[in-house]
Amino acid sequence: MGRVRAVLRDVERFGVSPAAVLTAGILLVLLAHAFVMRPGLFVDQFVGGLVYGMILVLVALGLSIILGLLGVVNFAHGAFFMLGAYLTFQVVVQWGLSFWAALFVVPLLLAVVGFAIERAVLRHVYDENPLIGLLATFGLALMLTEATRAVWGGSPLSVPTPPVLQESLSLGVTTIARMRLFTVVVSVLVVAAVYLLIERTDFGLSIRAGVLDREMAEFLGVNIPLRFVLIFMLGAAIAGLGGVLRGTELGMDVAMGNQFIIITFVVVVVGGVGSLFGSVVSGLLIAEATYLTPLVLATLAETTNVAAINVSGIGGLMPFLVMIVVLLVRPRGLFGQKGFME
Amino acid sequence: MFPLMSRLTRRDLLRTAGGTSAIGVGLLAGCNSDADTDTGDGGDSGSPTAQVTGTTTSGPDEVSVGVFAPYSGPFAPWGGSMTTATELAKADLEAEFDITVQVHEYDTETDPAAAQERMQRAVTSDGIDFAHGGVSSAVAGSIGSWASDNGVPFITQGASDTLTGADCASHMFRAYPSNTMMARSVGAPMADEADSWYLLYTNYIWGQTGQEVIGSVLEENGATVVGKDAVPGPGNQDFTQYINNVENSDADGVAMIVPGLDARAAAGQLRNRGLDEELSVMFHQFEDLVMWGLDEEAASMVDVGPTGWVNTVSGGDEFKQRVADAGETDPFSRHYMAYVSVDQLVRAAMRAGTTDGDDIRSELEGHEITDSPVNDIQPDASFQWRACDHQLIQPTHVVAARETSEMTGDPYKQWFDVTDTVAGGDVARSCEETGCSL
Amino acid sequence: MSGDASLVDAAERFADEDSRLWRWRVPVGLLATVVLLRPVLGSEYVLGYAPYANTILVWMLFAAAFNLLLGYSGLLSFGHAMFLGLGAYGTAAGIAQFELPFLVAAPIGIGLATALAYLIGRIIARKGEIYFAMLTLAFAESFHFVANQNYGGLTGGSTGVTGASPVWIESERGLKYVVVGGTRFDFYFLLAAIFLVAALSLWQIVRSPFGRSLVAVRENEALARSVGIDTRQYKIWAFTFSGLFAAIAGVMFALVNSGANLETLSIQTSGDVILMSVLGGVNYFFGPLFGVFVWLFSESWLTEFSTLVVPAVQFPLVRVDLTGVLSYWQFFLGFIFVVAVLLAPREGLWGLTRSAVDRLYTRLGGERR
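Residues numbered from 1 in each chain as written. Chains lettered and ligands numbered in written order. Predicted model: local features only at pLDDT ≥ 70, side-chain atom pairs only at ≥ 80, totals over all residues.

*Asks:* Can you explain the overall build of chain B? Please cite residues and give values.
*Replies:* A count of helical and extended segments in chain B gives 17 helices and 15 strands. Taking all 438 residues of chain B together, 61% fall into the buried category. (Helix = DSSP H or I, 4+ residues; strand = E, 2+ residues; numbered from the N terminus. Buried ≥ 20, exposed ≤ 12 C-beta atoms within 10 Å, placed from the backbone.)

*Asks:* If you had to explain the overall build of chain C to someone new, which residues and values would you point to?
*Replies:* What chain C contains, in helices and strands, is 15 helices and 7 strands. Considering chain C as a whole, with its 369 residues, one finds that 50% of them fall into the buried category. Partitioning the contacts of chain C with sequence separation of at least 6, the portion at a separation of at least 24 is 70%. (Contact = placed C-beta atoms within 7 Å.)

*Asks:* Hey, could you go over the sheet that holds strand β2 (residues 62-69) of chain B for me, with residue numbers and the actual values?
*Replies:* All names here are of chain B. Judged by pairing direction, the sheet is parallel, and its 5 strands sit side by side in the order β3-β2-β4-β5-β6 without closing on themselves. Two strands in the sheet have a free side with no partner beyond their single neighbour: β3 (100-107) and β6 (172-174). Strand-to-strand twist of the sheet, defined as the mean angle between neighbouring strand axes without regard to direction, takes the value 20 degrees. When strand β4 (residues 130-133) meets strand β5 (residues 154-156), the two strands line up parallel, connected through 3 bridges. (Pairing = 2+ DSSP bridges. Axes fitted to C-alpha atoms, helices over the stretch in contact; angles between N-to-C directions.)

*Asks:* Any chance you could break down the environment of B:Q237 for me, citing the residues and the numbers?
*Replies:* Within the fold, B:Q237 resides in the loop between β8 (224-231) and α7 (240-248). Owing to 23 C-beta atoms within 10 Å, B:Q237 belongs among the buried residues under this scheme. Sequence separation between B:Q237 and B:G268 is 31 residues; the distance between their C-alpha atoms is 10.0 Å. Every residue in contact with B:Q237, bar those within four places of it in the chain, is listed here: A:L250, A:G251, B:D262 and B:A265.

*Asks:* Talk me through the domain arrangement of chain B; I want residue IDs and the actual numbers.
*Replies:* One frequently used descriptor of interface size is the decrease in accessible area upon assembly of the parts. Residue and element names in this part refer to chain B. We note that the domain assignment places domain 1 (62-177 + 314-394) and domain 2 (180-307 + 397-427) within chain B. For domain 1 versus domain 2, the distance between C-alpha centres works out to 26 Å. Each partner contributes to the interface: domain 1 provides 27 residues, whereas domain 2 provides 24 residues. Residue assignment for the side of domain 1 that touches domain 2 shows that the elements contributing at least two residues are α4 (137-149) and α12 (317-326). For the side of domain 1 that touches domain 2, the per-class residue count stands at 11 nonpolar, 13 polar and 3 charged. (Domains from an automatic or database assignment. Nonpolar A, V, L, I, M, F, W, Y, C, P; charged D, E, K, R; others polar.)

*Asks:* Please give an account of the interface of chain B and chain A that cites residues and values.
*Replies:* Each side of the interface is counted separately: chain B has 21 residues, and chain A has 22 residues. Tallied by class, the residues present in the side of chain B that touches chain A amount to 7 nonpolar, 12 polar and 2 charged.

*Asks:* Break down α4(B) for me, with residues and values.
*Replies:* All names here are of chain B. With 13 residues, α4 should cover 18 Å at 1.5 Å per step; its first-to-last C-alpha distance of 18 Å lies within 8% of that length. Of all the 13 residues making up α4, 13 are buried; the element is thus mostly covered by neighbouring parts of the structure. Where α4 terminates, the next one or two residues include G151, which has phi positive at roughly 70 degrees. (Expected span 1.5 Å × (residues − 1).)

*Asks:* Requested: an account of the nonpolar core, with residues and values cited.
*Replies:* Grouped together as the largest cluster of nonpolar side chains are 223 residues, with contacts concentrated most on A:V266, C:L61, C:F62, C:M134, C:F245, C:A249 and C:M252. No other element matches the 19 residues that helix α3 (residues 39-70) of chain A contributes to this core. Setting aside its immediate chain neighbours within four residues, C:F62 contacts C:L84, C:A246, C:A249 and C:V273. If you look at the next biggest cluster of nonpolar residues, it comprises 129 residues, including B:M119, B:A140, B:A251 and B:L345. (Core = buried A, V, L, I, M, F, W, Y, C linked by C-beta atoms within 7 Å.)

*Asks:* So, the packing of helix α11 (residues 256-271) of chain A against helix α7 (residues 129-149) of chain C: which residues are in play, and what are the values?
*Replies:* Contact geometry for α11(A) and α7(C): axes closest at 11 Å, N-to-C directions at 130 degrees. The orientation of α11(A) with respect to α7(C), classified from their angle, is oblique. Both α11(A) and α7(C) take part in a crossing whose hand is left-handed. Residues A:F265, A:V266 and A:V269 of α11(A) form the contact with α7(C), whose participating residues are C:I130, C:Y131 and C:M134. The residue makeup of the contact of α11(A) with α7(C), split by class, is 6 nonpolar, no polar and no charged. (Parallel < 35°, antiparallel > 145°, perpendicular 65-115°, else oblique. Left-handed = near helix turned anticlockwise from the far one by under 90°.)

*Asks:* Any chance you could break down the pairing of strand β2 (residues 169-172) of chain C for me, citing the residues and the numbers?
*Replies:* Moving residue by residue along a regular strand, the side chains alternate between the two faces of the sheet. Residue and element names in this part refer to chain C. Examined bridge by bridge, β2 and strand β3 (residues 175-180) share 4 bridges and lie antiparallel to one another. Residue pairing in the sheet places S171 in a bridge with K176 of β3. The turn joining β2 and β3, which pair antiparallel and follow one another in sequence, is formed by 2 residues; a positive phi near 45 degrees is taken by R173.

*Asks:* So, the sheet that holds strand β10 (residues 280-283) of chain B: which residues are in play, and what are the values?
*Replies:* Residues and elements named next belong to chain B. A sheet is described by the order of its strands in space; here 4 strands give the open sequence β8-β7-β9-β10, paired in parallel fashion. Two strands lie at the open edges of the sheet, namely β8 and β10, each paired on one side alone. Between one strand and the next, the sheet's axes are offset by a mean angle of 20 degrees, whatever the strand orientation. Of the strands in this sheet, β7 (196-202), β8 and β9 (253-257) touch helix α6 (residues 205-220), which is tilted by about 165 degrees from β7.

*Asks:* Account for unusual backbone geometry, naming residues and giving values.
*Replies:* As a rule of thumb, non-glycine residues mostly have phi less than zero, and peptide bonds are mostly trans rather than cis. Residue and element names in this part refer to chain B. Residue P234 follows G233 across a cis peptide bond; omega there is 5 degrees. Along the chain, the position of P234 falls in the loop between β8 and α7. Note the cis peptide between D410 and P411, where omega equals 0 degrees. Here P411 is to be found in the loop between β14 (396-401) and β15 (416-422). Its identity is not glycine, yet T110 carries a phi of approximately 55 degrees, on the positive side. On the secondary structure map, T110 appears in the loop between β3 and α3 (112-126). With phi around 65 degrees, H390 is a residue other than glycine that occupies positive phi space. Take H390: it is sitting in the loop between β12 (384-385) and β13 (392-393).

*Asks:* How would you summarise the packing of helix α9 (residues 209-219) of chain C against helix α11 (residues 231-257) of chain C if you had to cite specific residues and measurements?
*Replies:* Residue and element names in this part refer to chain C. At a minimum axis separation of 10 Å, α9 and α11 run at an interaxial angle of 115 degrees. The chirality of how α9 crosses α11 is left-handed. Residues S213, L214 and V217 of α9 lie in contact with α11, whose contacting residues are T231, Y234, K235 and A238. Class assignment for the residues of the contact of α9 with α11 results in 4 nonpolar, 2 polar and 1 charged.

*Asks:* If you had to explain the environment of B:E219 to someone new, which residues and values would you point to?
*Replies:* Residues and elements named next belong to chain B. As for its position among the elements, E219 is in helix α6. Residue class for E219 comes out partly exposed when judged on the 13 C-beta atoms lying within 10 Å of it. In the structure, E219 is positioned 24 residues away from D195 in sequence and 9.8 Å away in space, judged by C-alpha atoms.

*Asks:* So what's going on with the confidence of the model for chain B? Residues and values would help.
*Replies:* In the predicted model, chain B carries a mean pLDDT of 84, and the fraction of residues at 70 or more is 87%. Within the model, the stretch residues 1-57 of chain B combines pLDDT values under 50 with 95 contacts to residues more than four positions away or in other chains. (pLDDT = per-residue confidence, 0-100.)

*Asks:* Residues and numbers for the environment of B:E96, please.
*Replies:* Residues and elements named next belong to chain B. Take E96: it is sitting in helix α2 (residues 79-97). When the 14 C-beta atoms within 10 Å are taken as the criterion, E96 is described as partly exposed. Residues E96 and I360, spaced 264 residues apart in sequence, show a C-alpha to C-alpha distance of 19 Å.

As structure tokens, this is what we get:
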């Protein structure tokens, strides 16, 4: 008993509470149990979760940038995403360009849209209560959704997948659809690029300075309004890129914007508002929770013979459950910064 | 003010056949020379002036039917077909009976709440006499319940057992064979196809009741259910983790109890994983429209599927041709079901000699269809609106995909063949089994 | 002109902030709303569909309850639909599944919702704005999930609970009547009575010291705390009351729709009430009610509007075919919403109307209020 207490004391010195250790332990046991019972499926779902997670990260990245660097709660982000998908349809199906062309054209178009919105609406809300920005972009999202419905109709649409990205790729232990794998690759590249931009360039440095102390930065000659516009355009472009990939993979419909803004917000909030790294971690965490929880529950139900444990369709609720748990334990999300958006 | 101005009401204008209605607005809004209907206490009279009640021997001169179809949302491609078929039935009925059939369209959006709102308005404000539609069982249940509370006959196409079972309603009838009817028809063929099955079902009433009955039917026929997953929807496109489950199980076959465009997405993803070659694939309540949106190669994955009707069922060539000529979609089950619904509603009104909801309902209950174009569409079949649960007892078919080389597009797409036809009475639940008390 | 002077006098007396008449503005306004709503909507030139007034009353109460949280306490909730849904499901399931009388089922539904509001409030009261909002969303989604699972057949899954009508309501082709003790009157009056009682109670809460403290908390929380107000408790109670009245709106919903459906628990509903309240103006008690009216009226009126003929059908000078354009009414209302948020975020349409009326009144010679 004394040894256990000594171990706990050591752990506490790392700033981790016994409750956290216990929870982590239980989770590990459950995961190991699931792995032991269904190893092939576990690997499939684990990898699938990582893939889905990177997709979420890509979509959430734009929102996280705008939220973290501009302090604006961009509710229209889901609409940008959806617009990206629909513009892909327009570019590929109606105008006959290739998917690869769309990959470049559509984010550019979205950047233009972002520019228009920033100039028209957002520059009025930077210094206001964040709720104002939230509500204004909420209205914008509604307008964009209706406009999309007006132009392309209320029926779901789809885009043909380029031949090289059809079918699946076998990775030995598991198979992944090529289109999804491509999305992961793009996502990783974009995350890396954004990280480098923010952390390693002067441009990024000046923006971070502007966020910390806008007046001072402007006093020193940094053109903050210009940088804000550029960042918003970047966020919109990334959302559009996500839309291209998603629209090609799974099609699109007018409800897509609303569906995605919710999950994107959850990812960003769980990661902690203002932290890009947090968004990446939370995206992966939520995706894994979505993919692995049904498996864990199913294997647990098998072992304990309590069928009720295997709640059907729990995967869809996991992002919200994760958010509740995380926010209760760490009120600012995983890596949130104090005083941000409070 | 303007003595020549007649009192023009919104309702009158909406009722003019076809075309746009013109509404005088604003400046003359207050002008009302003759006030022979009540506008003072809120104008709550919902009965249209065109509704003729009374027992003339030839029946009503004009009937008004509401079409409740998904014109947007996850079942959007299905909506147009219901309208097309309604128009066809309307033309036939008007020619035969010398009546006017007014058609009002309402978008259900595949959302039970929105659909019920529209039904309320359709009855109260637009004054429809009866309605048909409801592709989604959830929508059907919600509309049907309200319609019954308010005395409006409604023929639905939703297939969940509950609609003529635990949730049956006094004025709701169902044209499409029930989940049980379809499952019992396909049980033996499925068991022949594969010994072990994985069930993927969409997590709403149709999928939930569907998987229950398919599971038990499989067991009865000596096959096993290795696992099952509830997938989100309707309106879900991502099946990755569920296909993972299927692939990792020992199942030899996968039962897709997934509707509409979700099924199309799932089929595409199955093909991407190459599972369509490895496994036997079954689509519950199969609709060719799902596969027409992909291609012949994908369509060939369908090994077995029960359905209410396909365009390769023998008979009704003229009907099929007319549907194909109408231009929108090639003939499939919804055309047939919608045609039957409208045809039967109007004929019941003619027999009853009135548009009163209760009288129409009585005429439908127990009625056997013998003298209608429906009999030409399926010549050797028997049709009866069973009184105990309002299910139309009609044949159920089991289909399978043709060889890709035999799939033709002329004069309309025929990609699937009927491998088995079962009389409705042989597979329907008995009246006691349904749990319906009407 | 003398007639005008006395009119101005009377109006001045009414407008005088300290006058007794002004204190009664909200109850009078509510009464006027209830009395006028149905005839106006039922009129042939407006909608010709009087029962729509039922839906509007439900949403008005829901928005007023929501505004207790947003307008008066400054807390944004993304998941308010859960209380509407709980009230609706509690009543509907109670009547349909357990065959309880309405007067038992409804309080159970309201009680459940209130209890849950209190509990959830306790959990999330201390969180920052955006986290508070997201957590309400998470809880609402959880309830939506549970309702869809249809445990024990209680909630009817995706179809919802249908046919749950109290025995004393009769329904004939969409028109409902209350049949009690030999009398038979239009269902609208019952609904109006419930609405009036609930809305007036809400108004009382807002006017009370509790309500005023809420405003203090909203304006400057640190200052409020320094004066000794337990802000966390106040927020919890605001949340609880808001949930309670939203649940009453849910009960009304169950009566109007003879049941409950998943839509009442959906994000769509939560989003709609935010839109309507902010559009109307969160600074005013009547703001959200006005927003509800504008939104729902537009939805009904504009979607069926096809051709605009000026100046009259008989003498058309200009014919504008608007079929299709106006079915995208949400675009235009969204635009108005964005403009309102940018220009006068808390004023909304009601606030703008009031200031316009004020300016007109001053221009006509009355004293500036």
